[in-house]
Each structure stands twice: as C-alpha cells, then as structure tokens.
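# Examining the three-dimensional arrangement
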There are 2 protein chains.
Amino acid sequence: MDDAVTAEREELAISAEELQLATRNHGFPLEALALDVTPVGLHYLLIHYDIPVVDPAAWRLRLDGCVERVLSLSLDDLRARPSVTQEVTLECAGNGRTLLSPRARSQPWILEAVGTGSWTGTPLAPLVREAGLTDDAVEVLFTGLDRGVEAGEEQAYQRSLTLAECEREGVVLAYALNGGPLPPQHGYPVRLLVPGWYGMASVKWLDRITAIDAPFTGYQQARAYRLRQDEDDPGTPVDRIAVRALLQPPGVPDFFTRQRHVGAGTVVLRGRAWSGSAPITAVEVSTDGGATWFPAEVAPAAGPHAWHRFTATWEATPGEHEVCCRATDASGDTQPVDSAWNLGGYAANGIHRVPVTVR
Amino acid sequence: MDDAVTAEREELAISAEELQLATRNHGFPLEALALDVTPVGLHYLLIHYDIPVVDPAAWRLRLDGCVERVLSLSLDDLRARPSVTQEVTLECAGNGRTLLSPRARSQPWILEAVGTGSWTGTPLAPLVREAGLTDDAVEVLFTGLDRGVEAGEEQAYQRSLTLAECEREGVVLAYALNGGPLPPQHGYPVRLLVPGWYGMASVKWLDRITAIDAPFTGYQQARAYRLRQDEDDPGTPVDRIAVRALLQPPGVPDFFTRQRHVGAGTVVLRGRAWSGSAPITAVEVSTDGGATWFPAEVAPAAGPHAWHRFTATWEATPGEHEVCCRATDASGDTQPVDSAWNLGGYAANGIHRVPVTVR
C-alpha cells in the first residue's frame, strides 16, 4: 500500500478514543430540524468529564472573588428571582470537525452538534450587581462541578466572561429546559447560558461564580477553544457561533449508509439557519452540488438567539443529486464552500451537502 | 506497511458510515449507572431510519389480519385501558459489537447501549384477545411508522412475536416513560415493550399490529438480528438479553482518553447487572484484570425486568489497575471472559474491563 492511500485511510478512520467520545456525546438527529424546539434527549451534548449527580437540597451557588458581598444562593433563591424564558440555539464549537482534513483528534462531530431549547433562568447581570464588583474585577469566572483530567492535570471545567458579556441581555443562570427542570446532562440544577456563543461558554452544573482581577488562563480558555494554525500559535478565542444552515435530509435513509432516497416530483426542502452575530437575512439552496443556487423562503425566528426555519421547492428528477444550503446573516457573513481549517477543528461552517437518490 | 499492520488498523478504524450511526444513535454514559431510573436523554437509542413526527390527534393503532374484529384505537383509547408501570432494563442487541474482531459494520457500540426506564402502558394480551385471533394465526406482526432502505428495498420497521410471547406478563403497548409522554425518539405516541428481550423487539412508533398465518420473514427478523457464523448460515434468532454487569467507572476521566484517575485508599466500586432470562444471583469484581475475583454485594431489583445495583470495596494502591466485573443469573449463565463471536456482532456479553490509574 502506498503512503498516499495509507494517509487517506488514516484521515477517514476514527480511532478508538474518538469513538469513545462519539458514543457518549450525543448528536442531534437532523430530521429533528422539523421541530421548532428540540425535545429533551435530541439536543446535542458535549460533556467533557462525567455528569455530576447533584443533591438539589444541599446545592448552593457561591458568588465570590472581587466582590463587596459574597452571595450563597439555593435553587429556590434563584427561582424566586425575576425570570426570562427564551428559545436559544446552541451549537458545539467543534461541529463540522471531521469534515476538516487533517482533523483534530477530539469529539468527532460531523454536523449534528446543535439544538434549540426553550430555556428559563434568571438574568446574570443583576446578581453580579447585587454582589457588587470591586474596582479590580476584570472578568467573571464560572466553575462547574464536573471534574476531569486535561493535559495531565485534574481540574474542574472553568470558563470566564468579560464584564461586558456578563451584562448582555439573554445571559442567564438557567434552571429549566422546555418547561421542566434541567435534565442532569444539561447542567442540573443550574447552568450558565450565553446565547450567541458556542456551547463551551455555557458552563453546566454551576458551583461557583468568581470575579477575578486578571484574565483567566485555564485550560478551556487559553489552550482549548482557540483558532490556531499550529501548536506555537497562541490563536484567537472561539466565541460567537458562525453563520450556518442545515437541511432536514429529504426522503428516507438507507440504514447503514444514510443515503437519502426520494421519489421524483415536487419535494419541499426544509431546514434551519442561525448565526451568533446577527439575524439570518438569506438562505440559498442548490440541488446540483453548489453549481447553481436559488433562494429559500426564510421565516422569522422565535427570538434573537433562535434558529430560522427555511423552505424551498425542488422538482426532483430521477438520478443522483447533491442538495446543498448556505446562509447569510445581517452582518454580511456567508457560509464558505469549504470550512476554514484550524488546528482544533472549531467553527467549521462550510456548506451542508446531502447526497440524494431520486427514483 | 505490512499486511498484518494494515489489517490491525482496519479493525480498529471506525469508518465514515459507522461514525454517522454513532453520532445519531445515543449511548448511555456509564456514570449514569449511579441512577436507578435512567433520565430521558441518557437512555440508549438505536433508531434505524428517521424519527417520525406524529400528530397524536390523527394517529390510530390498527389491529388487523387473522382476527375476528379489526380494532382501530386512539391514544386516548389506549390510555383509558388498564395500565401497568414497570422499571425495565433495555439493551441493544449490538452492545459490545466493536469489542469483537473482526467486527460487523453496523452501529459501533462499545458498551453503552443500555438504560432502565419506568415505562407505563397497557398490556398487549387483552387487546389481542379483544380482536379475537382466528385459528390460522401463528404470529403477531408489529409495524412501525419509521421507514427506510435495507438491502436496497424501502420498508417500514417490522418485527413479529409468537402468540406465546404476546401473552407474557410485562409485554405492553407503552405510552409513557418516567411519568411523561413518550419522547419522540422513544416511539411517540405508542411503542411495543418486550421486557427481557433485546431492544429490536420493542417496535417504536406503532402503526399496525397484524395477526399473521405464517412466521414473519422480513429483513429485521430473517436477515438482521440472527446469531450467524457466516453469510450462508441461517443462524438462530436473537431474543433474550444475555447476562451482563457494567461498572460505573470510578474516579474522574481524562477528557480524550477516558482513562480513569482515582485517589489511593478505599474506593467503593458500583455498577448494575441484568439478564433477560433470570434474576441476577451473583456479581464478582476483580481489580487485577480478572486474575482473581471477589464477590460484590447485590441489591434486589425494582422488578423482574430491571437491573440490580451492586457494590464492592477496593483498597486501591498507587499504580495501574484493571477493574472488571461479571454477573451470573439464576439460570446459571455467567459472563464469559471474551464474548462469543458472531457475524452480526450480537449479544456480545464479555466481562467489562476498566483501566484505572491510582495515585
């Protein structure tokens, strides 16, 4: 076997370590794009360590660090505060990773790391104001109860936000999903929710919120979740969700190959589009692999951070076709044909391609 | 590269097709063995085609075929009938598949295709009696609303049961899970539940129940889900869940390798054990890779078809260890060290091995 063939096989072959992650981190089945709100159990999950089992009666959230008053809050305390309910589309920063070449060895997402929940929580900003930041505070650090080993060191999952991000509307401490308590896998009893950002910012199983006097340099902020070209590149932080559209795969699937089979005639193509930066202004669809494009009809979103539904009509003729979609947002960003490569495989938002057999 | 190395790489390498299945068919994260009942969203899922979107108001279940009276039942009709609620452990027949060598190309489960739901439904047998089987009836066929392509032919998911199985206690038409309506991914609005059998028997999204006058020979009965040694072997049907125990992995994981890290000292090892044939009578644990075994304490199960909790104490000393467990049931079946190989990778119930680093 020559080296080129071996190299190609290595690129496509998923390792035992990657498979372990794929079997525990759940993807969103793309046919669920039919639904405005993603049912519990179909939303994507990226769980870095183990899901903690939390006793809600004993649980307290501590706000401390560079604050005038340390707060300790129970779940009932948080539920008694003003609440907002909002539909928010969350996406994993690694969505699309296995479509890059060479790919980063991590959770091997194809394109299914997304979901839209109806989240209820209490806004973060008033709580931070109640604790009272001292003058030396520059960021707020969120620590989860989930613990594991990264780069040889045991640690809790931690991410920080700037003070400006903490003030943003929609940033909440969420305690309910789709009208029920948070499921264990989504951060029970309380998680941070940072709409518009990739999911790594929305720290689950909150233990502690700490105002800090220097930018956080922990693993999940300074090493992971950065757009880098090589190991020596400090890179730039991953933050807002890049513009993307996904198609609800038409017709029915072959069990093993997932190849789609559609009857000839009028086919309504459906899907969802979203961006963390601005509302969606256009979705285009192609049925010839991206050679030509036509506009889809785009519906208003349920809120500033929820996906948009789109539909387009296709007169399908017998044969093999490749159906594609691409979205544009109000900031002018459009999906590229091919994702921009980076070392960690983040924010890979190349256009969605669905091979379809029409009979 | 020599052929032996290439062959080994091919065995370990998961293909793009297998990864597509792994990202949509959710596994049970083994830390959830801590919980008696599996929360919605953590139970394993094996969805052959797409999840159907069903309008419950329009949905009717038809009982027909070799019957004296055709029945057409709404969801309310079924909910108005006598109901039973039972904790039932379900496992996919392909659980353990990727640990076999060579392995079948299908859903690449490692060991996480399990879960225990609290299912509510109405017994099947009285409904079949109400329809009244005619003398020529020999089996009952269950047809789901989910459609896809297998071996080149579009079809609905279908499985049959013998008349004796239909009469068995615990076999119900289930419409609730953990106290709520069935989630879409578990068969909303109504599914068959066949306790003790691997999951393929519990047909989801029921459309039709048909008494038939000859054994069913469709794809999911005569070709898939059979224990075969080669392509020419007709094999024997997969049915009851083989005896198995799984450990809740101790300590904390490394994110990428999932290697477990545990502090030295007393460690309580916990897990669950089950069998589709008989109650669990013993679980043994090893902390030296299976060289020596000691008994675990086994708790009673919540019902005849629910898993048993087990615990054992380990004085962990610094170094590398392999913790294992194996179960025995009242029929005398014990888990083998290595699973018995078969072409489809079914019923692979070799002992669970968990590498652990103690510091």
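Residues numbered from 1 in each chain as written. Chains lettered and ligands numbered in written order. Predicted model: local features only at pLDDT ≥ 70, side-chain atom pairs only at ≥ 80, totals over all residues.

## Considering the overall build of chain A
Across its full length, chain A holds 6 helices and 22 strands. On C-alpha atoms alone, chain A measures out to a radius of gyration of 21 Å, which is about the 21 Å that the 2.2 N^0.38 rule sets for 359 residues. Seen through its principal axes, chain A has C-alpha atoms that stretch 70 × 50 × 35 Å. For chain A, with 359 residues in total, the buried portion stands at 51%. Within chain A, contacts between residues separated by at least 24 positions form 71% of all contacts whose residues are at least 6 apart in sequence. (Helix = DSSP H or I, 4+ residues; strand = E, 2+ residues; numbered from the N terminus. Rg over C-alpha atoms; globule rule 2.2 N^0.38 Å. Buried ≥ 20, exposed ≤ 12 C-beta atoms within 10 Å, placed from the backbone. Contact = placed C-beta atoms within 7 Å.)

## Points about the domain arrangement of chain A
All names here are of chain A. Parsing chain A into structural domains produces domain 1 (3-237) and domain 2 (244-358). Each of domain 1 and domain 2 has a C-alpha centre, and these two points are 26 Å apart. Between domain 1 and domain 2, the residue contacts involve 32 residues of the former and 25 residues of the latter. If you list the elements that add at least two residues to the side of domain 1 that touches domain 2, you get β3 (84-91) and β11 (226-227). Ranked by residue count, the leading element in the side of domain 1 that touches domain 2 is β3, at 4 residues. Considered class by class, the residues forming the side of domain 1 that touches domain 2 number 14 nonpolar, 10 polar and 8 charged. (Domains from an automatic or database assignment. Nonpolar A, V, L, I, M, F, W, Y, C, P; charged D, E, K, R; others polar.)

## Brief notes about the relation of the copies chain B and chain A
When chain B is fitted to chain A, the residual RMSD is 0.0 Å, and the transformation amounts to a turn of 180° plus an axial shift of 0.0 Å. Look at the turn and shift together and you get a two-fold axis relating the two. Minimal C-alpha separation from the rotation axis in chain B is found for G41 of chain B, amounting to 1.7 Å. Interface overlap between copies: 100% of the residues of chain B at the interface are likewise at the interface in chain A, consistent with a symmetric, same-surface contact. (Least-squares fit on C-alpha atoms with pLDDT ≥ 70 in both.)

## Quick notes on helix α4 (residues 124-131) of chain A
Residues and elements named next belong to chain A. Listing the buried residues of α4 in full gives L124, L127, V128 and A131. Buried positions in α4, seen along its axis, are confined to an arc of 100° and lie on one side of it. Residues of α4 that are exposed and angled more than 90 degrees away from the buried face: P126 and R129. Packed against the buried residues of α4 are β1 (61-65), β2 (71-73), β4 (114-123), β5 (139-150), α5 (163-167) and β7 (172-177). One or two positions beyond α4, positive phi appears at G132, with a value near 80°. (Arc of directions from axis to C-beta.)

## Describing the pairing of strand β3 (residues 84-91) of chain B
Residue and element names in this part refer to chain B. With 6 of 8 residues buried, β3 lies mostly within the body of the structure. Across 8 bridges, the pairing between β3 and strand β4 (residues 114-123) is antiparallel. Its bridge partner lying in β4, E91 is registered against V114. (Pairing = 2+ DSSP bridges.)

## Focus on unusual backbone geometry
A cis amide bond links S101 of chain A with the next residue in sequence, P102 of chain A, at an omega value of -10°. Looking at where P102 of chain A falls in the secondary structure, it is placed in the loop between β3 and β4. Positioned with a positive phi, N178 of chain B is a non-glycine residue whose angle comes to about 50°. Assignment of secondary structure puts N178 of chain B in the loop between β7 (172-177) and β8 (180-181). Residue classification places N178 of chain B among the partly exposed residues on the basis of 19 C-beta atoms within 10 Å. Unusually for a residue other than glycine, A347 of chain B sits at a positive phi of about 55°.

## Remarks on the environment of T89 of chain B
All names here are of chain B. Positionally, T89 belongs in strand β3. Sequence separation of T89 and T38 is 51 residues, and the distance between their C-alpha atoms is 9.4 Å. If we ignore the near neighbours within four places in the chain, the residues touching T89 are V114, T116, W274, H305, A306 and W307.

## Considering the pairing of strand β21 (residues 319-329) of chain A
Residue and element names in this part refer to chain A. Counting buried positions along β21 yields 8 of 11 residues, so the element is predominantly enclosed. Across 6 bridges, the pairing between strand β17 (residues 280-286) and β21 is antiparallel. Bridge pairing in β21 places V285 opposite C325. Sheet analysis places β21 next to strand β22 (residues 352-358), joined by 7 bridges and oriented antiparallel. Bridge pairing in β22 places E320 opposite T357.

## Let's talk about the sheet that holds strand β1 (residues 61-65) of chain B
Strands belonging to one sheet form pairs held by backbone hydrogen bonds; the direction of such a pair is parallel or antiparallel. All names here are of chain B. A sheet is described by the order of its strands in space; here 5 strands give the open sequence β2-β1-β10-β5-β6, paired in mixed fashion. Each edge of the sheet is formed by a strand with only one pairing partner; in this case those strands are β2 (71-73) and β6 (153-162). Between one strand axis and the next, the sheet turns through 25° on average, direction left out of account. The pairing of β1 with β2 spans 3 bridges and is classified as antiparallel. Each residue of the ladder has a partner; that of L63, found in β2, is L71. (Axes fitted to C-alpha atoms, helices over the stretch in contact; angles between N-to-C directions.)

## Topic: the environment of R79 of chain A
Along the chain, the position of R79 of chain A falls in helix α3 (residues 75-79). When the C-alpha positions of R79 of chain A and A176 of chain A are compared, they lie 9.6 Å apart, and in sequence the two are 97 residues distant.

## A short note on the packing of helix α2 (residues 16-24) of chain A against helix α2 (residues 16-24) of chain B
At a closest axis distance of 7 Å, the pairing of α2 of chain A and α2 of chain B adopts a crossing angle of 35°. The hand of the α2 of chain A/α2 of chain B crossing is left-handed. Packed against α2 of chain A, whose contacting residues are L19, A22 and T23 of chain A, the element α2 of chain B presents L19, A22 and T23 of chain B at the interface. Split by residue class, the contact of α2 of chain A with α2 of chain B holds 4 nonpolar, 2 polar and no charged. (Left-handed = near helix turned anticlockwise from the far one by under 90°.)

## Regarding the interface of chain B and chain A
By a widely used convention, the size of an interface equals the accessible area lost when the partners come together. Opposite the 51 residues of chain B that make contact, chain A presents 51 residues. Every element with two or more residues in the side of chain B that touches chain A is listed here: α1 (3-12), α2, β5 (139-150) and β14 (252-253) of chain B. Tallying contributions element by element places α2 of chain B first for the side of chain B that touches chain A, with 7 residues. Taken together, the residues of the side of chain B that touches chain A sort by class into 27 nonpolar, 14 polar and 10 charged.

## Here's the deal with the sheet that holds strand β15 (residues 260-262) of chain B
Reading across the sheet, the 6 strands line up as β14-β15-β22-β21-β17-β18 (chain B) and stay open at both edges, with mixed pairing between neighbours. Because the sheet does not close on itself, it has two edges, and the strands there are β14 and β18 (294-295) of chain B.

## Thoughts on the confidence of the model for chain A
Residues and elements named next belong to chain A. Summing up the model confidence of chain A, the mean pLDDT is 96 and the portion of residues at 70 or higher is 97%. Note that residues 1-10 has pLDDT below 50 and, in this model, 4 contacts with residues that lie over four places away or in other chains. Predicted complex, confidence summary: ipTM 0.95, pTM 0.96. (pLDDT = per-residue confidence, 0-100.)

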